[in-house]
Amino acid sequence: MAKQKKQPRPKAAAPKGFQDYFGAEVTQRTEMLSKIAAVYHRYGFDALETSAVETVEALGKFLPDVDRPNEGVFAWEEDADWLALRYDLTAPLARVAAQYRNDLPSPYRRYAMGPVWRNEKPGPGRFRQFYQCDADTVGASSVAADAEICAMLADTLEAVGIDRGDYVVRVNNRKVLNGVMEVAGLAGDDREAERGIVLRAIDKLDRLGPDGVRALLGEGRKDASGDFTKGAGLAAEQAEIVMGFMQAKREAGAATVAVLRDLVKGSSVGVDGVAELETIAELLDAQSYGADRIDIDPSVVRGLGYYTGPVYEAELTFEVLDEKGRPRNFGSVSGGGRYDDLVKRFTGQEVPATGVSIGVDRLLAALRAKGRIDASLVGPVVVTVMDRARMADYQTMVAELRNAGIRAEVYLGNPKNFGNQLKYADKRNSPVAIIAGGDEFDAGVVQIKDLVLGAEIAKSATLEEWKDRPSQYEVPRDQMVAKVREILDGQG
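The notes below deal with the structure included here. (Residues numbered from 1 in each chain as written. Predicted model: local features only at pLDDT ≥ 70, side-chain atom pairs only at ≥ 80, totals over all residues. Heavy atoms only, no water.)

## Focus: the pattern of salt bridges
As enumerated under the stated definition, the model contains 24 salt bridges in all. Residue Glu 158 is joined to Arg 164 by a salt bridge in which the shortest nitrogen-to-oxygen separation is 3.0 Å. Look at Glu 158 and you get partly exposed, because its relative accessible area is 24%. Between Arg 428 and Glu 409 there is a salt bridge, and its shortest N-O distance comes to 2.8 Å. (Salt bridge = Lys/Arg side-chain N within 4 Å of Asp/Glu carboxyl O. Buried < 20%, exposed > 50% of the residue type's maximum accessible area, 1.4 Å probe, protein only.)

Quick look at the structure:
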């Protein structure tokens, strides 16, 4: 009889493009999302939690900012229907707004937080599962809704710990861009390919600079490696109109709007877009949101096949070092805009909508870069075990600590080696260890070890300094909780 082949062990590794999140990361994210939710709630938005799975039909035929239609989702067939993991939190909102349109208030204001999945090629900092945090208003055609989203985004950044001056919410309008294309002679279905090249060139302004973009608007551009990128082939006067749009930014929002108004003369859609930007600026100014916080900026180009009106992006302006040690601005952590066509897919009627999405992982990284979040998380007080027969007494101790609001646990490993218990406490980043053996129980006392102070002393203290700064205290058993509280308060 042939010997059965041994089944290989499964590989202990997360799938490519996915990652695991441990204690500190999960806690920090939860705390940050709680602060964001508090701002959204204050603005009158209600929480919504939708299923992680939608029908492919409901998700639609394209993803925002993705060039591979219908290929960016994790999908499977079930009972003749195709289902998929949601790729964002907006498509499920559009389905909800249509499905419950007779029950929901109009406008409907909701916020949502949770993981989304995209079947894309992973890369550095780019994962297939990540968290989003959205807020949207469905059913309001007034750009007052867009202005409100921008104000709320500014307040949110400050609430989580981004100082004023370290961010700016930049606002543009897709209609203005359409107007510029019309004035430049690029309107119509027959010019779609050229428009695509132009829009991609505009999006590269920060990286290539004006000269590089100008080359892409013309015949094309050769990069440092010698690779040639074909340009849009615009005539010089057409290219100047586009460049004028990209360089329309002025110190004051009103001055920027005036330049844009001149650029789109003769285009009704462009004029409408400029008027909307002007209204947004007036509404924000009335609430004391100056250009240092929210600014009109024509360089914002995002979701070109998705957004239909105002678009906005929150950029963090402080410097960090890149992987090569070079200083650079942190960059965008949030974006959104008006998408009046999404709900229409379900209802056949235009339903205005606008909203914003925060990249949760990027915002957390920004807070760590600013030192607003400690990379480590304080662990629980550890009650060590010196005598297995006294486990009920140790459990009584930990219950007293927990009832006093102190995070605590009893060591549940093998108690034979006491040194291993203290190593465990170090690995848990515990601030305090409780020690009690037979002698302590007989005397009615406990030993309380300040692990933070002990670690500090161990770094540099001499023997005399060690004696002068004890990090372990013997206290009566009934004073255990009070002494632990005192030590924790001293640690800050």
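## Considering the packing of helix α4 (residues 144-160) against helix α10 (residues 268-286)
Interhelical geometry of α4 versus α10 gives an angle of 50° and a closest axis separation of 9 Å. The angle between α4 and α10 places the two elements in the oblique class. The interaxial crossing formed by α4 with α10 has right-handed handedness. On the side of α4, the interface is formed by Ala 144, Asp 146, Ala 147 and Ala 151, while α10 contributes Ile 280, Leu 283 and Leu 284. Residue composition of the contact of α4 with α10, grouped by class: 6 nonpolar, no polar and 1 charged. (Axes fitted to C-alpha atoms, helices over the stretch in contact; angles between N-to-C directions. Helix = DSSP H or I, 4+ residues; strand = E, 2+ residues; numbered from the N terminus. Parallel < 35°, antiparallel > 145°, perpendicular 65-115°, else oblique. Left-handed = near helix turned anticlockwise from the far one by under 90°. Contact = heavy atoms within 4.5 Å. Nonpolar A, V, L, I, M, F, W, Y, C, P; charged D, E, K, R; others polar.)

## Side note on the pairing of strand β11 (residues 310-321)
Most of β11 sits inside the fold, with 9 of its 12 residues counted as buried. Pairing geometry for strand β7 (residues 167-173) and β11, over 7 bridges, is antiparallel. Residue pairing across strands places Asn 172 opposite Val 311, the latter belonging to β11. Sheet topology note: the β11/strand β12 (residues 327-338) ladder contains 9 bridges and is antiparallel. What sits directly across from Leu 321, in β12, is Pro 327. (Pairing = 2+ DSSP bridges.)

## Thoughts on a negative patch on the surface
A cluster of acidic residues, Glu 57, Glu 77, Glu 78, Asp 79 and Asp 81, forms a negative patch at the surface. With respect to the helices, strands and loops of the structure, Glu 78 is situated in strand β3 (residues 75-78). (Patch = residues over 30% accessible without salt bridge, like charges linked within 9 Å, V, L, I, M, F, W, Y side chains within 5 Å. Areas by Shrake-Rupley, 256 points an atom, 1.4 Å probe, with all protein chains shown as cover. Lys, Arg positive; Asp, Glu negative; His and termini not counted. Charge placed at Lys NZ, Arg CZ, Asp CG, Glu CD.)

## Remarks on the nonpolar core
Soluble, globular proteins show a tendency: their nonpolar side chains are buried together. Ile 36, Tyr 40, Val 169, Val 198, Ile 202, Leu 217 and Leu 363 are the most contacted members of the largest nonpolar core, which totals 75 residues. Here this core takes 9 residues from α4, the largest share from any one element. Residues Val 410, Ile 434, Met 480 and Ile 487 belong to the second largest nonpolar core, which totals 21 residues. (Core = buried A, V, L, I, M, F, W, Y, C linked by side-chain atoms within 4.5 Å.)

## Quick notes on the sheet that holds β7
Across the sheet, which stays open at both edges, the 8 strands sit in the order β1-β5-β6-β13-β12-β11-β7-β10 with mixed pairing between neighbours. Unpaired on one side and paired on the other, β1 (46-47) and β10 (294-296) mark the two borders of the sheet. With 2 bridges connecting them, β1 and strand β5 (residues 108-117) associate as parallel partners. Residue Ala 47 lies in a different strand from β5, and its bridge partner there is Tyr 111. This element, α4, spans β5, β6 (129-138), β7, β10, β11, β12 and β13 (353-359) of the sheet and lies at about 20° to β13.

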